[in-house]
Amino acid sequence: MGVDPLRIDHQAAAGHIHLYAVAGDFALQSQHGHHRSGASAAGIGEVLHAAFKCPLENQIFTGDLVEVHIGTLGKDLVPANSPAQLPQLVFVRLAQSGVWHHGVGDAGISQLHIGADVCHAVCLDYISLHQYYGGQEKGTAEFLAQSLDMERYIETVLNICDYVRVKKKMSHKINICFDEWGVWSMSDVQVQKSVEDAPWQTAPAISEQIYTMEDALLFASMLMNFIKRADRVKIACQSLLTNISSCIMTEKDGGVWVQPVYYPFALMAQYAHGMTLDTRYTGDTYACSTFETVPCVDHVLVYDGQKHEVTAFFVNRMEESAEATVSLQGMEPEAVLKSIALFHEDKKATNQKEHDCVIPVELENVSCSGNGISVELVPLSFQMVQIRLK
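All values derive from a computational prediction rather than experimental measurement. (Residues numbered from 1 in each chain as written. Predicted model: local features only at pLDDT ≥ 70, side-chain atom pairs only at ≥ 80, totals over all residues. Heavy atoms only, no water.)

A.B. asks: Even after reading the chapter, I still don't get the environment of Ala341, so can you show me in this structure?
C.D. replies: Its place among the elements puts Ala341 in strand β17 (residues 333-342). Residue Ala341 is classed as buried on the basis of its relative accessible area, which comes to 1%. The spatial distance from the C-alpha of Ala341 to the C-alpha of Leu377 is 8.5 Å, given a sequence separation of 36 residues. (Helix = DSSP H or I, 4+ residues; strand = E, 2+ residues; numbered from the N terminus. Buried < 20%, exposed > 50% of the residue type's maximum accessible area, 1.4 Å probe, protein only.)

A.B. asks: So what exactly am I meant to see when it comes to the packing of helix α4 (residues 213-228) against helix α5 (residues 262-271) here?
C.D. replies: How two helices sit against one another is set out by the angle between their axes and by the gap between those axes. Contact geometry for α4 and α5: axes closest at 8 Å, N-to-C directions at 25°. Classified by the angle between their axes, α4 and α5 sit roughly parallel to one another. Note on packing geometry: the crossing formed by α4 with α5 is right-handed. When α4 is examined against α5, the residues Ala216, Phe219, Ala220, Leu223, Met224 and Ile227 are found in contact with a partner set consisting of Pro264, Phe265 and Met268. Residue composition of the contact of α4 with α5, by class: nine nonpolar, no polar and no charged. (Axes fitted to C-alpha atoms, helices over the stretch in contact; angles between N-to-C directions. Parallel < 35°, antiparallel > 145°, perpendicular 65-115°, else oblique. Left-handed = near helix turned anticlockwise from the far one by under 90°. Contact = heavy atoms within 4.5 Å. Nonpolar A, V, L, I, M, F, W, Y, C, P; charged D, E, K, R; others polar.)

A.B. asks: Help me understand empty space enclosed by the protein, please; the structure alone is not making it clear to me.
C.D. replies: Rolling a probe over the atoms, with the probe sized like a water molecule, indicates the empty space that remains. Counted under the stated rule, the structure contains two cavities of 30 Å³ or more. In this structure, the second largest cavity occupies an estimated 40 Å³ of space. Tyr132, Trp181, Tyr211, Gln238, Ser239, Leu240 and Ser245 are the residues that line the second largest cavity. (1 Å grid on protein atoms, 1.4 Å probe; cavity = no way out; pocket = protein on both sides within 12 Å on 5 of 7 lines; lining within 4 Å. Points joined across faces, edges and corners; volume = space filled by probe spheres on them.)

A.B. asks: Would you take a moment to explain the pairing of β17 for this structure?
C.D. replies: Along any regular strand, the residues point their side chains to alternate faces of the sheet. Strand direction decides the pairing type here: β17 and strand β21 (residues 381-389), joined by eight bridges, are antiparallel. Bridge pairing links Pro333 to Leu389 in β21. Bridging between β17 and strand β18 (residues 361-362) involves two bridges; their strand directions are antiparallel. In the sheet register, Ala341 faces β18, and the bridge partner there is Val361. (Pairing = 2+ DSSP bridges.)

Below, the structure written as structure tokens:
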């Protein structure tokens, strides 16, 4: 694969898509059943930062335009009419996505309706999207290929936004806020049954998704999609931080542990800073029921101009080892700074009982030659490689 620099709309870093943000999700119902509102919150910040800057005093229904002030968690709330008190606030006008007679739905591309409420588009900076994936029962190859569906989802929504921009002669682009996303397999029926079987408990473990090593690979590819399109996906949030569909788990006796999905999140938040590089994949592929051509190795590269470093992230979707060779056009590697991989011989391994069962390890599996680097990827693994350039 070859790479060329691609500057992201004057962003200082691809990591500034705010991977450690959290969304405040409020799915409020209007008085009419077909006006179900979707998510309309966004977060921004660094580690475990986020959420609303101003309280929502009134109910907000689908179709309303919402002014959201975005800042770090733990700061004093700021009234909506006085953002000047905190000059670092980002001003966002956010479209609520929902499912009703006409509009943009948050559950999938099939609900998109070009031209719906297009009169509001001139007031929008972001469109809010949700996406969760299950399907572990379909097999690893099929399951991991779902990140391509997310890529297609992003491109489709952006194409519609750009169509509306031309139609309305808008001067600015409508970007994407992914305010909910992740891997999920627990059905609503299963959750409801757990409640009915043992009602009126104190702090019960309801809807607690336990993630596997396999889940972490799809989770990593979804994160990589945000970095690949950091020019238009400006905000990406985790809606839940602890216990329910989350990276961090707590125990009644005070214990805290992290799930396998935590580690790709942490590594990308720490090392994906700079400019996303435009890459071309020329490796092996496989076919599944939903896609004819699935790259065996998913990847994204980020160039940090301040440190003069390139960081590469890989997901090996195959159950055998793979060699990834990257040709850095116009760049010459000098040294391998870090090589960290997440993998386990059992793809269904979790950290539920042994909290350190699935953890990252440092490997010596990277070599540099000329303007290229070569990485020996472990089967079904997530890999981060940091290279210092000459």
